[in-house]
Amino acid sequence: MCGIVGIVGQSPVAPLIVDALKRLEYRGYDSAGVATIEQGKLSRRRAEGKLINLQRLIEADPLDGTIGIGHTRWATHGVPNETNAHPHFSNGVAIVHNGIIENFAELRAELAADGYEFTSQTDTEVVAHLVSRELSRGLDPVKAAHNALKRLEGAFALAIMFKGDEDLIIGARNGPPLAVGYGEGEMFLGSDAIALAPFTNAITYLEDGDWAVVRRSRLQIYDMAGEPVERKRQQSIGISLLVDKGNYRHFMEKEIHEQPEVISHTLAHYLDFANGTSKPIEMPFDFAKIDRLAISACGTAYLAGLIGKYWFERHARLPVDIDIASEFRYREMPLSKASGALFVSQSGETADTLASLRYCRAGGLPIGAIVNVRESTIARESDAILPTLAGPEIGVASTKAFTCQLAVLASLAVRAAAARGTISRDKEKALVRQLSETPRFASQVLKLQDQIEKVARELAQVKHVLYLGRDTNYPLAMEGALKLKEISYIHAEGYAAGELKHGPIALIDENMPVIVIAPHDRIYEKTVSNMQEVAARGGKIILITDKKGAEAASVKTLETIVMPDVPELVAPILYALPVQLLAYYTAVFMGTDVDQPRNLAKSVTVE
Ligand code: M6R
């Protein structure tokens, strides 16, 4: 989604803004722009495509102002081109925006009737004109901005600059995140702490409905009624040091290889390995006292939740309702007060997940947030944060956040089972020990990368791929298909292996690779039957299994990837790795933009 940067600085800000926008690239974007004011003159440069295009424009025709705003745009209203790129101007007002102004059509008609001309197809331009109309009525910039903000419906983060005041940026937030950073005689605005990290580690997150008057030596935050509000100033960790590809070609590759370490950190947060039990961390609810669990999330985080459902139900005998958040928020699910709710999100800013959380909050449910960004909105609105300790995930395709979400869910399932008395103390110890071995197994699995790269070379030649799995490998099959679609643009579907004969079997022919995720577990034989159905129709099978599974496969495969023998509880965490590597190498062979695939955003802050 769009990224915002603003600087009221001491030296020319355009290069700093471009640099900060680069750190927001991971969010996904299709055009970018910067505006500055210098000696009373408002100027901007905007470019379609990657930031390098904008950077070249600025190098050829520099912007020298010491105050400026910048933006990476992920198109919602209007195609990605220079005219629709931000900042948008109206009579000396410059604006950048992340989100959607839902009443923009009504506002546009009203402003057009007042003689305002629109040069873009965006919803953002109405905000620039609204502010400018308030100024033309004699209001000062702060009052004009406040009046304009009160007219807006929808989700927005905004930065607004005024030609007549070179010491003022107004930031506003209603939905998508916005943080203010404090410098020495300068101030910053940014969509997240990563954008601001090289400038400052002292930041304040605006809350929904807040707007801020940002000057070089002063910050004042107000609520929508115009009352001053106090917001916590906090230290953000020096994230910028960590956001670096190291020796890897892509962030995704680096993040895949970080998994042994980050899974280990995450598990250690929840589990006491020495005593074979859970650590006494703050929980949103007591598993012994709830009779249902609602889980909601989007995309990969949803698939992690779906695997969690198998674990909670199997080990803790706790029924789980799991929903895609965009469905959950509107399907008017009756909520029982005896339920707990968990929301899973890497970014902690996904609009649909946040809306589902608020639905549960209104229904009086205790709420836990499994998030990677602890300062995020979902984290802040929960009763307890259940962190994934994955570190910043920059690749748009989620990898290490996914396996860390699984690590949290598996740890919570063990905790729930112990609390509910559905497993013995010995079983609890055994499960904790199994989880403690996951990082070591993960390192072993990563050594399979050369073989996986070879398989990916084949996949890069095809147009369609089918993934099959049973039990927890079914959500993993869907995750495999999602990863492949996202970064290689190959059409892929993930199916429950038992569903094959109810429809998708019609797709099988000699051109269709079928990737089967099947450790040798208690239902392995059932999956072998499905593989036979595929083989009988000429489908090319790529089997991901363990040694026993490879020996018992009894079908000809194009390739068999043999994983270490791992306990059933931890298998989904480890089988996620070959699935990620397959997608990664396929995308590399296809030459796609692995870290920033087309049309995708890292953090989806609009519906
Ligand atoms: O930040 P979140 O975990 O809430 O994001 C949810 C999805 O947008 C995300 O998992 C998406 O599906 C990823 N691109 C998958 O790789």
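**Q** I would appreciate a short explanation of the site of the ligand in the present structure.
**A** Around the ligand lies a shell of 13 residues, among which Ser345, Gln346, Ser347, Thr350 and Glu486 are the nearest. A distance of 2.6 Å separates an oxygen atom of the ligand from a polar side-chain atom of Ser345. Within the backbone of Val396, an N or O atom sits 3.1 Å from a nitrogen atom of the ligand. For the ligand, the accessible surface in isolation is 420 Å², of which the surrounding protein chains cover 91%. Elements that contribute at least two residues to the shell around the ligand include exactly helix H9 (299-316) and helix H17 (473-488). If you tally residues by element for the shell around the ligand, the top one is H9, at three residues.

**Q** Mind showing me how you'd approach the sheet that holds strand E22 (residues 384-385) here?
**A** Sheet strands associate in pairs through backbone hydrogen bonding, adopting either a parallel or an antiparallel arrangement. With parallel pairing, five strands are arranged side by side in an open sheet as E19-E18-E20-E21-E22. Only two strands of the sheet have a single partner each, and these edge strands are strand E19 (320-324) and E22. Strand contacts of helix H11 (residues 351-362): strand E18 (292-297), strand E20 (339-345) and strand E21 (367-371), with the helix running at about 165° to E20, the strand carrying the most contacts.

**Q** I tried to follow the domain arrangement of the protein on my own but got confused; where do I start?
**A** Reports of interface size often rely on the accessible area that becomes lost once the parts have come together. Segmenting the protein into domains produces domain 1 (3-247), domain 2 (255-436) and domain 3 (443-590). Centre-to-centre, using C-alpha coordinates, domain 1 lies 45 Å away from domain 3.

**Q** What is the right way to read the packing of helix H16 (residues 449-459) against helix H20 (residues 571-590) from this model?
**A** The description of two packed helices rests on the angle between their axes and on the distance between the axes. Close contact between H16 and H20 brings their axes to 8 Å; oriented N to C, the two are set at 50°. The angle between the axes of H16 and H20 places the two elements in the oblique class. Considering the relative orientation of H16 and H20, their crossing is right-handed. Contacts between H16 and H20 involve Gln449, Ile452, Glu453, Val455, Ala456, Arg457 and Leu459 from the first element and Pro578, Leu581, Leu582, Tyr585, Thr586 and Phe589 from the second. Per-class residue counts for the contact of H16 with H20 are nine nonpolar, two polar and two charged.

**Q** Help me understand the side chain of Asn147 in this model?
**A** Looking at the element boundaries, Asn147 is found in helix H5 (residues 141-150). Apart from residues no more than four positions distant in its own chain, Asn147 is found in contact with Glu134 and Leu139.

**Q** Just checking my understanding: could you explain the sheet that holds strand E4 (residues 67-73) for this structure?
**A** The strand order across the open sheet formed by eight strands is E3-E2-E4-E1-E10-E9-E11-E15, and the pairing between neighbours is antiparallel. The open sheet is flanked by strand E3 (41-48) and strand E15 (234-235), the only strands paired with a single partner. Pairing between strand E2 (residues 31-38) and E4: seven bridges, direction antiparallel. Opposite Val34, over in E4, you have Gly70 as the bridge partner. Strands in contact with helix H2 (residues 51-60) are E2, E3 and E4; relative to E3, the strand with the most contacts, it is inclined by about 140°.

**Q** What's the story with empty space enclosed by the protein in this structure? I'm lost.
**A** Sizing a probe to match a water molecule and rolling it over the atoms shows the empty space that remains. Tallying each qualifying case throughout the model produces one cavity of 30 Å³ or more. In this structure, the largest cavity encloses a volume near 70 Å³. Taken together, Cys2, Arg73, Trp74, Thr76, His77, His86, His97, Gly99, Thr122, Asp123 and Thr124 make up the lining of the largest cavity. Here the residues of the lining of the largest cavity sort into two nonpolar, seven polar and two charged.

**Q** Help me understand the packing of aromatic side chains, please; the structure alone is not making it clear to me.
**A** For any pair of aromatic rings, geometry is given as the distance between the ring centres together with the angle between the planes. Applying the stated criterion to the full structure yields six aromatic pairs. Judged by centre distance (4.7 Å) and plane angle (25°), the ring pair of Trp211 and Tyr222 falls under stacked. Here Trp211, found in strand E12 (residues 210-215), pairs with Tyr222, found in strand E13 (residues 218-222); they are eleven residues apart in sequence, far enough to count as distant. Owing to a relative accessible area of 3%, Trp211 belongs among the buried residues under this scheme. The interplanar angle of 90° and the centroid separation of 5.9 Å between the aromatic rings of Phe328 and Tyr359 together place this pair among those described as edge-to-face. Of this pair, Phe328 sits in helix H10 (residues 325-328) while Tyr359 sits in helix H11, placing them 31 residues apart in sequence. Members of the aromatic cluster, each reached through a chain of ring pairs, are Phe285, Phe287 and Phe312.

What counts and what doesn't
- Residues numbered from 1 in each chain as written.
- Predicted model: local features only at pLDDT ≥ 70, side-chain atom pairs only at ≥ 80, totals over all residues.
- Heavy atoms only, no water.
- Near = heavy atom within 4 Å.
- Polar contact = N/O pair within 3.5 Å; in protein donor to acceptor, adjacent residues only side chain to side chain.
- Areas by Shrake-Rupley, 256 points an atom, 1.4 Å probe, with all protein chains shown as cover.
- Helix = DSSP H or I, 4+ residues; strand = E, 2+ residues; numbered from the N terminus.
- Pairing = 2+ DSSP bridges.
- Contact = heavy atoms within 4.5 Å.
- Axes fitted to C-alpha atoms, helices over the stretch in contact; angles between N-to-C directions.
- Domains from an automatic or database assignment.
- Parallel < 35°, antiparallel > 145°, perpendicular 65-115°, else oblique.
- Left-handed = near helix turned anticlockwise from the far one by under 90°.
- Nonpolar A, V, L, I, M, F, W, Y, C, P; charged D, E, K, R; others polar.
- 1 Å grid on protein atoms, 1.4 Å probe; cavity = no way out; pocket = protein on both sides within 12 Å on 5 of 7 lines; lining within 4 Å.
- Points joined across faces, edges and corners; volume = space filled by probe spheres on them.
- Phe/Tyr/Trp six-rings, centres within 6.5 Å; stacked < 30°, edge-to-face > 60°.
- Buried < 20%, exposed > 50% of the residue type's maximum accessible area, 1.4 Å probe, protein only.

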